[in-house]
Each structure stands twice: as C-alpha cells, then as structure tokens.
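Read off the chains here:
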Amino acid sequence: MAVADQAQRLRDLVRGDLPGAEERPAPGPVLAPPPDDRPSAAPAQPSARVARASTDSPAPERSPRRAHVIAVASGKGGVGKTSVAVNLAVVLAGLGRRVALVDVDMGLANADVLCGVKAPFNLTHLLASPRRKLREIAVNGPGGFKLIPGANGIGEMADLPAALVDRLIAQLSLLESQCDFVILDAAAGINSAVLAFAGTADTVLVVTTPEPTAMTDAYGLVKSVLRRSPLSNLYILVNQVEREIQGKEVHQRLALVARRFLQREVGFAGSIPFDRCVGAAVRRRVPFCLDAPGSRASLAMQQLGAALVRRTQAASADSGRASRRGFFARLGEWLKRPASSDR
Ligand SMILES: Nc1ncnc2c1ncn2[C@@H]1O[C@H](COP(=O)(O)OP(=O)(O)OP(=O)(O)O)[C@@H](O)[C@H]1O
Ligand SMILES: [Mg+2]
C-alpha cells in the first residue's frame, strides 16, 4: 500500500470517520472475545475490594497446567503499561491466583519502583552468572505476587546470544509450572523482543489512551504483531478515559481498521478511568489497587482481573491449549531465530 494511503488510513483512524464506523455494534464487556472464535462472556461484576475478592472467589485450581501468560504492551510510551501490569498482578493475587510479574522492559525497567520494593538482584544478574537462580532474584511484591525485577540498559532481549537466551528461558520457564498467571511488563514500541512476547503470549493487552498519537501507535503495534503472528489474542485496554464510552469508541475504531485492513479481530479488554489516585499511589510507591482499593481505577482493574480469571477457566476446559508447548519454549525458539527471518 502506498505511503499516502497509509497516512490517510491513520488520519481516518484517529478521527474515527472511516466509512461504516458507526454501523458496528458496540463492543461487548470487558475482555469481549473477538466475535469469530469464542462464546460471549457475562459482564464482570466488580468486587468492592481486592481483599474481599479473595474470600469471595472460588478456590483456584491447583492443576499442573501451565501458567496463562499475559503480555502488557503498547505502541506509545507512558500510557500506563507498568501501572496496569503491577495492579493486575495485585488483583489476580487477591483472587487467590499464583502470580508472577516479569519486568521485561530491558531499557527502562521500573516495576520494582511502582511496587515500592528494593530488589538486590534483577534479570541482569541472572544473565551475568550461570550459577544465579531465578529464586534468588525474585522478590515478594505487594499483595502477594512474585516480582522478577527487570534489567536496565542491556539492550534488546532478541539480540542476546543464543546461550544467554537459553539460560534466561530455562530459569523463567520455572514460573510456568509454579504460577497460574505470568504477567510480562514489556517495553513500549515494536522492537523485536516486544513482537516476540506479543507473538507468543496467551493474551496480549495492548494499552492505549484515547489520545490520537497513542491510538495510532497502538494500531502500529497491532499491525506488526498480527502480520507476524496472525493467531495472537490481542485485546485493546484503554487507559485514562474520561468516560467509559470513550474506551468503547477507541476499541471500535481500532478494531474496525484491523478488520478492514488486516482481516483480523481485536478484542476489547475494557477501560480504566483517569484517576488522581493513580499518580498519588505512584508517588507513594504503592499499587493503586492497594492504596485506594475503592477508587474507580481500582474497580476497573478488579473487573479486568475477574474477566481474565473467567476467560482462563473457560480456556482450561479447552484441551487444545493444554497440549500446546509452553510459552517460554515458544519464546526461546522465537528469540533464537536468525535476525534475517521474519520475526
Ligand atoms: N488511569 C490513570 N489515571 C491517572 N494517571 C495514570 C493512569 N494510568 C497511568 N497514569 C500515570 O501515567 C504515568 C505513566 O504510567 P506507566 O509508568 O504505568 O506507563 P508505561 O506505559 O509503563 O510507561 P513506559 O512506556 O515508560 O514503560 C504514571 O506516572 C501514572 O501516574
Ligand atoms: Mg513501563
């Protein structure tokens, strides 16, 4: 497609005036599945507090199944990936799930800062020494999840030598049998590591805000992921909305363009309101779901967590997933592909 056509498409995307945009039905509830492949789920009922949610929820399965891996990604930086990843970890742990959050933003890892924890070691140490073990670098995150602190400034994971990739994957894959959920906090943009995470994770949350630049970049990410990994489970999560309808409108526009130009469906994970409690919690270095559990942003996160639990319970009945190879095995293979191949 000509560059001019692409530019026009992006302008149409952010204006929302592509022909037929208004004809689409409103997207469904949080984590509404793409219409072609999954039954619809009932809307999530937000629980009042994370703490209460843990007692209200059914006992989690303790099966030997592999963890469900959720990659949190975005096109534009600063849209709220780390906030979402950390608070989703808190919510899922509050629902009684075994959760690990891996900070895979190799350029600007900062999940430990948002969690208010001091981590003596991180992924850099795991990479630096063959004797270093995952359990030595994992720290207890607030709310009961395990945090694997990220490396800073070691460059792209996809550029690591094969031996280091093997070492990293061998250690990280331990999480798969020990957890119900593994959440990956990825870097912004479309570097090859992000495409690897998004292309191999079980669920990808593409975080955007209603800002035109964030939406345009979110579409760029969606396009790059789907071109390389057409079967990816992509969901748009709209952060910092002023009204709930805004989130639905953003998803509608992105989903419409993906449908028209990529012939793929992109689900809706819901929206999170702009809420002053988020910034205040960041300054206090406490996840906002613990700092202000009754806030609108926290309720939205609880809704997302509950929807993810429902979806994965439904998926556990699907024997197809159980027979698939684990996420980290798929990731390792991807990362070791020659750079010339279409990652
Ligand atoms: N729902 C929200 N309401 C208000 N402020 C928010 C909300 N979500 C995120 N923020 C603010 O946006 C800032 C950036 O958030 P965060 O660090 O999570 O973004 P990010 O996408 O991880 O950034 P990066 O691309 O640099 O990794 C935070 O300081 C936080 O205060
Ligand atoms: Mg971040």
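Rules of the game
Residues numbered from 1 in each chain as written. Chains lettered and ligands numbered in written order. Predicted model: local features only at pLDDT ≥ 70, side-chain atom pairs only at ≥ 80, totals over all residues. Heavy atoms only, no water. Helix = DSSP H or I, 4+ residues; strand = E, 2+ residues; numbered from the N terminus. Expected span 1.5 Å × (residues − 1). Buried < 20%, exposed > 50% of the residue type's maximum accessible area, 1.4 Å probe, protein only. Axes fitted to C-alpha atoms, helices over the stretch in contact; angles between N-to-C directions. Parallel < 35°, antiparallel > 145°, perpendicular 65-115°, else oblique. Contact = heavy atoms within 4.5 Å. Near = heavy atom within 4 Å. Polar contact = N/O pair within 3.5 Å; in protein donor to acceptor, adjacent residues only side chain to side chain. Areas by Shrake-Rupley, 256 points an atom, 1.4 Å probe, with all protein chains shown as cover.

Another aspect to go through is helix α3 (residues 81-94). Here α3 is 14 residues long and its end C-alpha atoms lie 20 Å apart, about the 20 Å a rise of 1.5 Å per residue gives. Across the 14 residues of α3, 14 count as buried, placing the element largely inside the fold. Immediately downstream of α3, the backbone of Gly-96 shows phi near 85°, a positive value.

The next thing to look at is the packing of helix α7 (residues 162-172) against helix α16 (residues 327-335). Relative to each other, α7 and α16 sit at 170°, their axes nearing to 10 Å. Between α7 and α16, the angle falls in the class roughly antiparallel. Along the contact surface, α7 presents Val-165, Ile-169 and Leu-172, while α16 presents Phe-328, Leu-331, Gly-332 and Leu-335.

Turning next to the site of ligand 1. Around ligand 1, the surrounding shell holds 18 residues, and the nearest of these are Gly-78, Lys-81, Thr-82, Ser-83 and Asn-239. With respect to ligand 1, the backbone of Val-79 contributes an N or O atom lying 3.2 Å from an oxygen atom. Within the side chain of Gln-240, a nitrogen or oxygen atom sits 3.4 Å from a nitrogen atom of ligand 1. Taking 640 Å² as the accessible area of ligand 1 by itself, protein coverage stands at 80%. Counting only elements with at least two residues in the shell around ligand 1, the list comes to α3, β7 (234-241), β8 (267-273) and α12 (276-284).

Honestly, that's just the spatial picture; any functional story needs more than this.
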